[in-house]
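Structural overview for review
Listed below, chain by chain, are the residues.
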Amino acid sequence: MKNDRINSSIQEHIKEVERKIEEACARGNRNREDITLIAVSKTKPLEDLIEAYEAGCRDFGENKAQEILEKAPKMPPDARFHMIGHLQRNKVKQVLPHVVMIHSVDSVRLAEQIQQEAKKLGKTINVLLEVNVAKEESKFGFYPEQVMDAVETISKFSHVRIQGLMTIAPFVEEPEENREVFQKLYQLSVDIKKKNIDNVNMCVLSMGMTGDYQVAIEEGASMIRVGTGIFGAR
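Computed from a predicted model, the values in this text were never measured in an experiment.

Take the packing of helix 6 (residues 144-154) against helix 7 (residues 179-194) next. Between helix 6 and helix 7, whose axes approach to 11 Å, the crossing angle comes to 30°. Comparing the axis directions of helix 6 and helix 7 gives the class roughly parallel. For the pair helix 6 and helix 7, the crossing hand works out as right-handed. Contacts between helix 6 and helix 7 involve Pro144, Val147, Met148 and Val151 from the former and Leu188, Asp191 and Ile192 from the latter. Of the residues in the contact of helix 6 with helix 7, the class split is 6 nonpolar, no polar and 1 charged.

Here it is in C-alpha cells:
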C-alpha cells in the first residue's frame, strides 16, 4: 500500500502544478503549450521518475552527472533529460550522450569543453547560458553585463547552439520578490535577440522553481523547473 500512496501523491502533485501553470498562463496571457515543465528529479529514486512519466512528465532535470548516467538508460526512450546543475568540465563527455539540453553553461571554458566533446560525437548540443541575475556569491553563472561577450564568443562554436538563458533566482519567502529577477532575464534575452547573432536563438528562458514558477511564467518563462512541487520534500 505504501507505493500506492507515494504514486498517487506524485500524480496529484503534477495535477496541482498543471492547474497552477494554467492559472499563471491566463494571468500572463500565455499559451500552455509554450511552457515546458521539467520535473527536477535530483536525489529521487527511479521509481519516482517512472511514476511522474506515467502521469505525463517527459522532461526531467538532474543536477549531477552521475544521476543522469544512472537514470537515463533505464527510462523510456522518449524521456528527455536536462542537465540543470553546475557541470564540471571533466564530466561533459559522460553527460552529452544522455541530455537534450545543458541549462547551466556558466563559463566560456565549459562551452569550449562541450564543443570539443560534441565534435567528437558528431553532435550539436543545445545549451542555455546561466545568468546570475541577482549576483549572489554562492551561485554560478555569468553576471548580466558579461553575457553579451560570452554569447558572441560561444556563437562561433560549431557544435554548440545557444538556445536561450537560464537563471536560479534567490530563495525568497514571497515569490513576488523574484519578479524583477525574471523581468531582467527576459529583457536580456530580448536585447540579445535584437543583435541577430548567427547560431544564437533566444527561444528558451529557463526560470522559475517550485516556489516562484507562476511569477516566472507571467514574466516569460518557457521552461520551469519543479522538484519539491512534484516529488515532495527531499
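Next up on the list: the packing of aromatic side chains. Scanning the model with the defined rule gives 1 aromatic pair in all. Looking at Arg58, its charged tip hangs above the ring of Tyr53, at a distance of 3.6 Å from the centre.

Quick look at the nonpolar core now. Core analysis: the biggest nonpolar cluster contains 68 residues, and Phe60, Ile102, Ile114, Leu129, Leu165 and Ile230 have the highest contact counts within it. Beyond its immediate stretch of four places on either side in the chain, Ile114 contacts Val92, Leu96, Ile102, Val105, Ile125, Val127 and Val160. Counting residues in each nonpolar core, the second largest holds 6 residues, with Ile38, Leu128, Met166 and Val204 among its members.

Our focus in this paragraph is the confidence of the model for the chain. Residues of the chain with pLDDT of at least 70 account for 97%, and the chain-wide mean is 95. Low pLDDT (under 50) marks residues 1-7, which in the prediction has 2 contacts with non-local residues, meaning those over four places away or in another chain.

Analysis parameters
Residues numbered from 1 in each chain as written. Predicted model: local features only at pLDDT ≥ 70, side-chain atom pairs only at ≥ 80, totals over all residues. Heavy atoms only, no water. Axes fitted to C-alpha atoms, helices over the stretch in contact; angles between N-to-C directions. Helix = DSSP H or I, 4+ residues; strand = E, 2+ residues; numbered from the N terminus. Parallel < 35°, antiparallel > 145°, perpendicular 65-115°, else oblique. Left-handed = near helix turned anticlockwise from the far one by under 90°. Contact = heavy atoms within 4.5 Å. Nonpolar A, V, L, I, M, F, W, Y, C, P; charged D, E, K, R; others polar. Phe/Tyr/Trp six-rings, centres within 6.5 Å; stacked < 30°, edge-to-face > 60°. Lys NZ or Arg CZ within 6 Å of the ring centre and 35° of its normal. Core = buried A, V, L, I, M, F, W, Y, C linked by side-chain atoms within 4.5 Å. Buried < 20%, exposed > 50% of the residue type's maximum accessible area, 1.4 Å probe, protein only. pLDDT = per-residue confidence, 0-100.

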